Amino acid sequence: MSEKLLEIKNLHVMYHTDLEDVYAVNGVNLSMKTGETLGLVGETGAGKTTLALSILRLLPDRTGRITEGEILYNGENLLEKDKHTMATIRGKEISMIFQDPMTALNPTQTVGQQIYEALMLHNNANLSKKELWERVDSCLEMVGIPAARRKEYPHQFSGGMKQRVVIAIALCCEPKLLLADEPTTALDVTIQAQVLMMMKNLRDRLGTSMILITHDLGVVAQVCDNVGVMYAGEVIEYGTLQDIFKSDKHHPYTEGLFGSIPKLDEETERLAPIDGLMPDPTQKIVGCSFAPRCPYAMDRCHTEKPGSCNDNGHQIKCFRYTDETAMEVSS
Amino acid sequence: MWKFIGKRILLMIPIIIGVSLLVFTILYFTPGSPGEILAGANPQKEVVDQINHELGFDRPYHVRFFEFLKGVVQLDFGDSYTSRQPVIGEILSRFPRTLTLAFCSMIVTAILGISIGILSAVKQYSFIDYASTVVSMFFSSMPSFWIGMMLLLLIAMNNPWFPINGVKTWRGYILPVIAISLCNAAPLMRLTRSTMLETIRSDYVRTAKAKGALEKRVIWKHAFKNALLPVVTNIGNNFRALLGGSVITETVFVIPGVGSYVVEAIRNKNVPSVMGATLFLSVTFLVVILAVDVLYAYIDPRIKAKYTK
């Protein structure tokens, strides 16, 4: 058994439609240990959700395609598993919380049935029906919903409650790895905090490893051990929470990301957003994907892809750090 | 739920009165009288008037309408002008044939349309999908009477096992049911395919997959029930239209059903028969619509919640 719970090597994912090819994930390398919580941040369209869906092999059947790379879970490549093996992994070993609780639940089944299904599908201990329903009750209580409400349908729940049900479904089989795809984005702020606290507590109680996808840096700071910053389908910076929030060295995009958060202790008229837009994902990128928007861009950034500089695990994909001389020139 | 059904049944009363009034008025304003038709070719005016008087057709509009309503309350639609038999008996003797035809056609339509629709949605862009699309386009474009005639020509003419006309045995139903089902199943299959495709791509189907459910289970337990609503509506509409009498199919296969009865009655200015059949069909329509609405509640709990409010 490998010490690493999950290792993603050079993953490329594209969406192929009749109109165009979209390069969603372009060479992602990531790894995480058991018990770790990894935050994935980045703006909309950076490929975070695609990455999570790739791990569970839930990309849209006809369009989504993993063109290159490996996803190793406990040292085994998930991309080589057949349908049936994958089904035993989904929900039991790795499960996922989806972004929008409003649509993630089946409107024609009671929430109890939907939790029951997950338990029943992975009922390796051969529990009886009655025992399974008792588990359903305890799962609902675990996420703070009275067990009596298991007979109700999703439309009878509020958004925050629905997300709790989604979390209960994801956690009821006590998975080793939880992929949480913007679990709080669709909720209002007060509920966000509640749900987040609950997830954090459950993670600690069940010892689940977690990949938390978000674009909220505040959430990352509260929950994560390590952080990967994604941009245009690449992880352009990776490090511990300390590295990302406290270190001086940053990828120019991360600098921009932090720069665009308003600060309470400074009087500013306007926010400082990053100029420009993300590159068109239908075009293959030559050179650094951030170069067109980068204030430090050099000639070579437009033609060459920067490698990853590794400073005690803090990885930055930028020529400013891979090449010390270049950094001096630019500063 | 029962309260909802009760309310709907009470609502039927004004609807039926409205329907009666409308049809009765239209019949009143259409030219011609039963006397002219019953008296034969080149009738004398006295004979015509006498027949109309005997039938009560010469009395004023409101008198006749209220007499009709009075009869309805006692479940008596009067006697047919042409046969002089009670209308209700004539309708009831013909209705079982129409009902059998409609019901069998509905079942076959549903089985064909839904199963092929699901199959071609699940195997989107496969050979099966393309083939069923082409076939359904063909049958959507062909009128049912043409298919009926082709079936008679190609199958019944060469095969004495199938009767050419009439429904004296159950074998007589087979070809008309096929003719109607092929026509109705084609659009139903297209509809099932598109709603299934929509639900298969929905988030909750992805949630079910993320739980570890295999494709078969996902399709039947999660996608199917959610895709069913528009399909049930379509089947209900088809069934209603068939009860109203698939006149053309009944004519092609010479089946004495309700549809041909109404057409015949309209042609003869046979007011009691037209009114009786109209009323009878309105009630069956309303019952079918109600049944479809009740079925909705069992498919979708959100609709059930609305009903019980």
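Residues numbered from 1 in each chain as written. Chains lettered and ligands numbered in written order. Predicted model: local features only at pLDDT ≥ 70, side-chain atom pairs only at ≥ 80, totals over all residues. Heavy atoms only, no water.

S.K.: When you look at the overall build of chain A in this model, what are you seeing that I'm missing?
M.R.: Secondary structure assignment for chain A yields 12 helices and 12 strands. With respect to the principal axes defined by its C-alpha atoms, chain A has extents near 70 × 50 × 40 Å. A total of 331 residues make up chain A; the buried ones form 52% of that total. Contacts spanning at least 24 positions in sequence make up 65% of the contacts within chain A whose residues lie at least 6 apart. With the model as given, the accessible surface of chain A reaches about 15500 Å², and the carbon-plus-sulfur share is 50%. Of note, chain A has its 33 positive side-chain charges centred 7 Å away from the centre of its 45 negative side-chain charges. (Helix = DSSP H or I, 4+ residues; strand = E, 2+ residues; numbered from the N terminus. Buried < 20%, exposed > 50% of the residue type's maximum accessible area, 1.4 Å probe, protein only. Contact = heavy atoms within 4.5 Å. Areas by Shrake-Rupley, 256 points an atom, 1.4 Å probe, with all protein chains shown as cover. Lys, Arg positive; Asp, Glu negative; His and termini not counted. Charge placed at Lys NZ, Arg CZ, Asp CG, Glu CD.)

S.K.: Got a minute to help me understand the domain arrangement of chain A in this structure?
M.R.: Accessible area lost on assembly of the parts is the figure often given for the size of an interface. Entries for chain A in the domain assignment read domain 1 (104–174) and domain 2 (253–330). A straight line from the C-alpha centre of domain 1 of chain A to that of domain 2 of chain A covers 44 Å. (Domains from an automatic or database assignment.)

S.K.: I would appreciate a short explanation of the layout of surface pockets in the present structure.
M.R.: Over the atoms, a rolling probe the size of a water molecule traces out where space has been left empty. Residue and element names in this part refer to chain B. Looking at the second largest pocket, its volume works out to about 440 Å³. The wall of the second largest pocket is formed by 21 residues, among which Arg59, Glu67, Phe77, Gly78 and Pro272 lie closest to the centre. Counting only elements with at least two residues in the lining of the second largest pocket, the list comes to helix 3 (45–55), helix 4 (61–73) and helix 13 (271–299). Counting residues per element, the lining of the second largest pocket draws most heavily on helix 4, at 5 residues. The residue makeup of the lining of the second largest pocket, split by class, is 8 nonpolar, 5 polar and 8 charged. (1 Å grid on protein atoms, 1.4 Å probe; cavity = no way out; pocket = protein on both sides within 12 Å on 5 of 7 lines; lining within 4 Å. Points joined across faces, edges and corners; volume = space filled by probe spheres on them. Nonpolar A, V, L, I, M, F, W, Y, C, P; charged D, E, K, R; others polar.)

S.K.: Got a minute to help me understand the side chain of A:His250 in this structure?
M.R.: Residue and element names in this part refer to chain A. By the element assignment, His250 lies in the loop between helix 9 (241–246) and helix 10 (252–259). Taking the relative accessible area as the measure of exposure, His250 reaches 9% and is therefore buried. Within the local environment of His250, its side chain forms a polar contact with the side chain of Glu237, the two groups lying 2.9 Å apart. Those residues in contact with His250, other than ones at most four positions away along the chain, are Glu237, Asp243, Ile244, Glu255, Ile316, Arg320 and Tyr321. (Polar contact = N/O pair within 3.5 Å; in protein donor to acceptor, adjacent residues only side chain to side chain.)

S.K.: What is the right way to read the interface of chain B and chain A from this model?
M.R.: Listed per partner, the contact involves 22 residues of chain B and 28 residues of chain A. Both sides together, the interface formed by chain B and chain A hides about 2300 Å², and carbon and sulfur atoms give 58% of it. For chain B, the biggest contributors to the area lost against chain A are B:Arg206, B:Ala210 and B:Lys211; these three give 27% of the whole. Applying the counting criterion to the chain B and chain A interface returns 2 salt bridges. Measuring nitrogen to oxygen at the nearest pair gives 2.6 Å for the salt bridge that ties A:Glu117 to B:Arg217. Among the secondary structure elements, those contributing two or more residues to the side of chain B that touches chain A are helix 9 (203–210), helix 10 (215–243) and helix 14 (301–308) of chain B. (Buried area = accessible area lost by both parts, 1.4 Å probe. Salt bridge = Lys/Arg side-chain N within 4 Å of Asp/Glu carboxyl O.)

S.K.: Whenever I open this one, the packing of helix 1 (residues 2–29) of chain B against helix 4 of chain B confuses me. Can you help?
M.R.: Packed helices, taken two at a time, are described by their axes: the angle between them and the distance between them. All names here are of chain B. For the pair helix 1 and helix 4, the least separation of the axes is 11 Å and the interaxial angle reads 140°. Overall, the two elements helix 1 and helix 4 adopt an arrangement that is oblique. Once helix 1 is placed against helix 4, the crossing between them reads as right-handed. Contacts from Ser20, Leu21, Phe24, Thr25 and Tyr28 in helix 1 reach Tyr61, Arg64, Phe65 and Phe68 in helix 4. A per-class count over the contact of helix 1 with helix 4 returns 6 nonpolar, 2 polar and 1 charged. (Axes fitted to C-alpha atoms, helices over the stretch in contact; angles between N-to-C directions. Parallel < 35°, antiparallel > 145°, perpendicular 65-115°, else oblique. Left-handed = near helix turned anticlockwise from the far one by under 90°.)

S.K.: Would you explain empty space enclosed by the protein in this entry?
M.R.: Evaluation of the coordinates by the stated rule reveals 3 cavities of 30 Å³ or more. In this structure, the largest cavity encloses a volume near 80 Å³. Lining the largest cavity are 14 residues; nearest its centre among them are A:Pro252, A:Cys288, A:Cys294, A:Cys301 and A:Cys318. Residues belonging to the lining of the largest cavity are distributed by class as follows: 12 nonpolar, 1 polar and 1 charged. Computed from the structure, the second largest cavity encloses a volume of approximately 60 Å³. Considering the residues around the second largest cavity, the lining is formed by A:Gly91, A:Ser95, A:Met96, A:Ala118, A:Val166, A:Ile169, A:Ala170, B:Thr207, B:Ala210 and B:Lys211. Per element, the largest residue contribution to the lining of the second largest cavity is 3 residues, and it comes from helix 6 (residues 159–171) of chain A. Among the residues forming the lining of the second largest cavity, the class breakdown is 6 nonpolar, 3 polar and 1 charged.

S.K.: Where do I start with the packing of aromatic side chains in this structure?
M.R.: Think of a pair of aromatic rings as described by two things: how far the centres are apart, and how the planes are tilted against each other in angle. For the structure on display, the rule yields 23 aromatic pairs over all chains. Both rings, one in B:Tyr28 and one in B:Phe29, keep their centres 5.4 Å apart while their planes meet at 80°; by these two values the pair is edge-to-face. A relative accessible area of 38% means that B:Tyr28 is categorised as partly exposed. Residue B:Phe29 is classed as exposed on the basis of its relative accessible area, which comes to 64%. Ring plane angle 45° and centroid distance 6.5 Å describe the contact between B:Tyr125 and B:Tyr130, whose orientation is recorded as tilted. A relative accessible area of 40% places B:Tyr125 in the partly exposed class. One aromatic cluster in this structure is built from B:Phe24, B:Tyr28, B:Phe29, B:Tyr61, B:Phe65, B:Phe66 and B:Phe68. A cation over a ring is seen here: A:Arg300 above A:Phe319, with NZ or CZ 3.9 Å from the ring centre. Above the face of the A:Tyr296 ring, A:Arg320 is positioned so that its terminal group lies 3.6 Å from the ring centre. (Phe/Tyr/Trp six-rings, centres within 6.5 Å; stacked < 30°, edge-to-face > 60°. Lys NZ or Arg CZ within 6 Å of the ring centre and 35° of its normal.)

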